Amino acid sequence: MGIVDGKVVVVTGGTRGIGYTIVETFLKNGAKVALAGSRQETVDEALAKLAKDGLADNVMGIAPDLTDPDAVKAAFDQVVERFGKLDVLCNNAGISSRTSLVDYTLDEFEKVMALNVTAVFVCSQAAARIMIEQGEGGAIVNTSSMVGKYAQPSGCAYPTSKFAVNGLTLSLARELPWRRV
């Protein structure tokens, strides 16, 4: 029996890349997983690929707007309805941009901040509420980047967002253990 055997996990940005690999790893180690994607089409493609690889039994897909608290709550409630609980949230969804400062638009900056920071807050809050209500604690894992500490030559929104995620993560680590029953 592995450390995640029987655990219920939500992975945002779980349809491709690092997120998809996280989903596969949890499934192969006995977890039940809800993979979240930006569009139902990409969620369905990821689910089909998992089915082809024999990993369809303990997975479901969701595609809420991760910046909308009501949509995230409804999606996480579906996860709890299907699997009975929520143990782990892996905030992995994110976007980057390499636009130079003088060419950056406010809309582009806000789009990066919305998915990379606001969505992490919204999903963490929704998951924490469920975990606290369950009384068993849980884990919230936030994907960041070294550019949150060291920056990058262009695309200032991405390192700014990852610096913010690092601060949010430290704050959650200090706050949430006190909330466990």
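Higher on the page you've got the structure.
Residues numbered from 1 in each chain as written. Predicted model: local features only at pLDDT ≥ 70, side-chain atom pairs only at ≥ 80, totals over all residues. Heavy atoms only, no water.

Draft legend 1. Looking closely at the pairing of strand β3 (residues 59-62). With 4 bridges connecting them, strand β2 (residues 32-36) and β3 associate as parallel partners. Within the sheet, the bridge partner assigned to leucine 35 lies in β3 and is glycine 61. Between β2 and its parallel partner β3, the chain crosses via helix α2 (residues 40-52), and the hand of that crossover is right-handed. (Pairing = 2+ DSSP bridges. Helix = DSSP H or I, 4+ residues; strand = E, 2+ residues; numbered from the N terminus. Right-handed = clockwise from strand over helix to strand, strands pointing away.)

Draft legend 2. Focus on the nonpolar core. Val10, Ile62, Val72, Phe76, Val79 and Leu86 are the most contacted members of the largest nonpolar core, which totals 22 residues. Among the secondary structure elements, those contributing two or more residues to this core are β1 (8-12), β2, β3, α3 (69-83) and α4 (106-134). Per element, the largest residue contribution to this core is 7 residues, and it comes from α4. The residues touching leucine 86, leaving out its near neighbours within four places in the chain, are Val8, Val9, Val10, Phe76, Val80, Ala127, Ile130, Met131 and Gln134. In terms of nonpolar packing, the next biggest core, distinct from the first, is built from 18 residues, Val23, Phe26, Leu27 and Ala31 among them. (Core = buried A, V, L, I, M, F, W, Y, C linked by side-chain atoms within 4.5 Å. Buried < 20%, exposed > 50% of the residue type's maximum accessible area, 1.4 Å probe, protein only. Contact = heavy atoms within 4.5 Å.)

Draft legend 3. Seen up close, the sheet that holds strand β5 (residues 139-142). If you walk across this open sheet you meet the 5 strands as β3-β2-β1-β4-β5, and the pairing is parallel. The strands lining the two open edges of the sheet, one partner per strand, are β3 and β5. When strand polarity is set aside, the average angle formed by the axes of neighbouring strands in this sheet is 15 degrees. Summarising the sheet, β1 and strand β4 (residues 88-91) pair through 3 bridges and their orientation is parallel. Among the inter-strand pairings, valine 9 is bridged to a residue of β4, identified as valine 88. On the sheet, α3 packs against β1, β2, β3 and β4 and is oriented at approximately 160 degrees with respect to β3. (Axes fitted to C-alpha atoms, helices over the stretch in contact; angles between N-to-C directions.)

Draft legend 4. Up close: the packing of α4 against helix α6 (residues 157-175). Axis separation between α4 and α6 bottoms out at 9 Å; the angle between their running directions is 15 degrees. By the angle between their directions, the pair α4 and α6 is classed as roughly parallel. Crossing geometry of α4 relative to α6 is assigned as right-handed. Counting all contacts with α4, which are made through Phe109, Val112, Met113, Asn116, Val117, Val120, Phe121 and Ser124, the residues of α6 involved are Ala157, Tyr158, Thr160, Ser161, Lys162, Ala164, Val165, Leu168 and Leu172. Looking at the contact of α4 with α6 residue by residue, the classes come out as 12 nonpolar, 4 polar and 1 charged. (Parallel < 35°, antiparallel > 145°, perpendicular 65-115°, else oblique. Left-handed = near helix turned anticlockwise from the far one by under 90°. Nonpolar A, V, L, I, M, F, W, Y, C, P; charged D, E, K, R; others polar.)

Draft legend 5. Representation of the pattern of salt bridges. Summed over all chains, the structure comprises 2 salt bridges. For aspartate 77, the salt bridge is made with lysine 73, and the minimal N-O distance between the two is 2.7 Å. Pair noted here: aspartate 77 and lysine 73 are both in helix α3, with a separation of 4 residues, about one helical turn. Overall, the relative accessible area of 33% leaves aspartate 77 in the partly exposed class. One salt bridge connects lysine 85 with aspartate 87, and the closest N-O pair in it is separated by 3.3 Å. Classification of lysine 85 by relative accessible area gives partly exposed; the value is 24%. (Salt bridge = Lys/Arg side-chain N within 4 Å of Asp/Glu carboxyl O.)

Draft legend 6. View of the packing of aromatic side chains. Going through the model one piece at a time under the given rule, you end up with 1 aromatic pair. Seen in terms of ring centroids, tyrosine 104 and phenylalanine 109 are 6.1 Å apart; in terms of plane orientation they differ by 75 degrees. Their pairing is edge-to-face. When its relative accessible area of 12% is taken as the criterion, tyrosine 104 is described as buried. With relative accessibility at 26%, the residue phenylalanine 109 sits in the partly exposed group. (Phe/Tyr/Trp six-rings, centres within 6.5 Å; stacked < 30°, edge-to-face > 60°.)

Draft legend 7. How the structure looks around the state of the cysteines. Counted according to the given criterion, the structure contains 0 disulfides. No disulfide involves cysteine 123; its sulfur sits 11 Å from the nearest other cysteine sulfur, which is in cysteine 90. (Disulfide = S-S within 2.5 Å.)

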